[in-house]
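A closer look at the structure
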Amino acid sequence: MADALSFLEEDFTCLICCDVFTDPVTLKCSHSLCDKCLQHFWTTQDVPRCPVCRKECSHDEPTKSLAFRALCESFKKRKPSAVSADVCPEHEEKFKLFCFVDKQPICVVCYTSKKHEDHKCSPVNEAAGNLKEDLKTQMNTLQTTLGDLKKAHESCVKQAEISKECISTDETQIKEEFEKLRQFLKDEEEKWIRSLHKKTKLQDEKLQARMKEISAQISDLSERMAAVWQEIETENITFLQNYSNTLQRLQHPSVANTVPELQEYQHYPIQTVIFITWVKMQNLIEQPPVILNPVTASSKLQVSEDCTSVHCVENKTSVFDNPERMNVGVLGSQGFSSGVHCWDVEVKNNSHWTLGVVSEKVDRKKNYKLYPKKHFWCFHYMNSTYMQGNDPVSDIDSNERPNIIRLQLDFDEGELRFIDPYRNRILCTYTGRFPDKVFPYFCTEDTISPLNIFFSNKQKL
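Predicted model, so just to flag it, every value in this text is computed and none were measured.

**Re the overall build of the protein**
- Of the regular secondary structure elements, the protein holds 8 helices and 19 strands.
- Here the contacts in the protein between residues at least 6 apart in sequence split such that 58% fall between residues at least 24 apart.
- Accessible surface for the protein amounts to roughly 32100 Å². Of this, 53% is attributable to carbon and sulfur atoms.

Listed below in structure tokens is the structure:
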């Protein structure tokens, strides 16, 4: 029955509104449409045409059929309405059960069919109540997660704001520092130019005085020569009468002194100026912090990108065995052969570390016992024991394990101190002259906690 009605519906459907005809009219071409649909269609056309076959029509052409209209109205009444949402479309029975396997409501007939055989089912109200409680529990978990995500987002926003402020501060500081350098170079440039002019001023004054003297001699000699030429042009008797005076006019200073010896210009020592300025610029900059040299790191150590942290890896890494590389440990990038230098190392929870300095002349491919005779001045922590070289340090309380170790090197005095800066306590001291340049030394066998390096001041305890 439903299929028959569906077939008939095609014959009662307007091709413009795609619904059952309302007030149907028929054109001479036999095509039927809703009166309103046709009139509206024609308002969009220059010439009235059939919307179906495009045949030209006239405005008085559409004809109405009361019988066809009644037939359409009757069909509308007989057309079945949409199936209720709580009724099984297959069996037309109300949904009374919920299948947990297929996760959909079913009717009693569905429940007895093979499709849902052995499926767990419950009454609709009971299933809905249980499933809603489960969803509420999941929603509570998601709500907690949502809250954590919002907090994380807020934290990121705050971090971004802090980062933006820090970047702005660093940018300002960079500009200020470079402005100082530019001002310093400008002042130095003006000073050296003044020095250049001052140095050449006396020489210029002497040269100007000599030029003035020679100009006076040229003028005097030119006047004498003009007078002699004038005498030569006079009559012979007059010339002979004035000859003695003419001879006196020709007398003049020795020509040998009239042409000064040209001295070669001595250029200002530009390279010396640059070097002196560079040395002065170093006084504007604080002592650079100790950073690690990745080229010297052993295959068991991994240095951070900023070269301020090192940690031990489980397996050896594949690295090029260059001459600078240590067999064990890693060195600082800068060696010291004079002055006082300080750096802090965060050891925190690291369970196995070694800090100190090492001579630049040691064989980096050998394993040494870390004591001064082997040119290693080191302080260790391993197996919950502190050691100075090969000797245990017994007066350090294990309950007061320092998080920071400060190394204070006075190369000229031949002294190296290991200090707990927070308790203001010296942990270990080496004394005696260093035979040659030394480099900061770091080593760890803890794969969890890295060693982090910070800059510290030179103030001695």
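**Description of the packing of aromatic side chains**
- Evaluation of the coordinates by the stated rule reveals 16 aromatic pairs.
- Ring centres of Phe376 and Tyr441 lie 5.6 Å apart, and the angle between their planes is 85°; on these two criteria the pair is classed as edge-to-face. Placement of Phe376 in strand β12 (residues 376–382) and of Tyr441 in strand β18 (residues 438–444) is noted, with a sequence separation of 65 residues between them.
- Owing to a relative accessible area of 2%, Tyr441 belongs among the buried residues under this scheme.

**A look at the pattern of salt bridges**
- One pass over the structure, following the stated rule, counts 14 salt bridges.
- A salt bridge links Arg182 to Glu179; the nearest nitrogen and oxygen atoms lie 3.3 Å apart. With Arg182 and Glu179 both in helix α5 (residues 124–232) and 3 residues apart, this pair spans about one turn of that helix.
- Measuring nitrogen to oxygen at the nearest pair gives 3.4 Å for the salt bridge that ties Lys191 to Glu188. Of this pair, Lys191 and Glu188 both sit in helix α5, 3 residues apart, which is roughly one turn of that helix.
- Exposure remark for Lys191: the relative accessible area of 30% places this residue in the partly exposed category.
- Judged by its relative accessible area of 10%, Glu188 falls in the buried class.

How each quantity is defined
- Residues numbered from 1 in each chain as written.
- Predicted model: local features only at pLDDT ≥ 70, side-chain atom pairs only at ≥ 80, totals over all residues.
- Heavy atoms only, no water.
- Helix = DSSP H or I, 4+ residues; strand = E, 2+ residues; numbered from the N terminus.
- Contact = heavy atoms within 4.5 Å.
- Areas by Shrake-Rupley, 256 points an atom, 1.4 Å probe, with all protein chains shown as cover.
- Phe/Tyr/Trp six-rings, centres within 6.5 Å; stacked < 30°, edge-to-face > 60°.
- Buried < 20%, exposed > 50% of the residue type's maximum accessible area, 1.4 Å probe, protein only.
- Salt bridge = Lys/Arg side-chain N within 4 Å of Asp/Glu carboxyl O.

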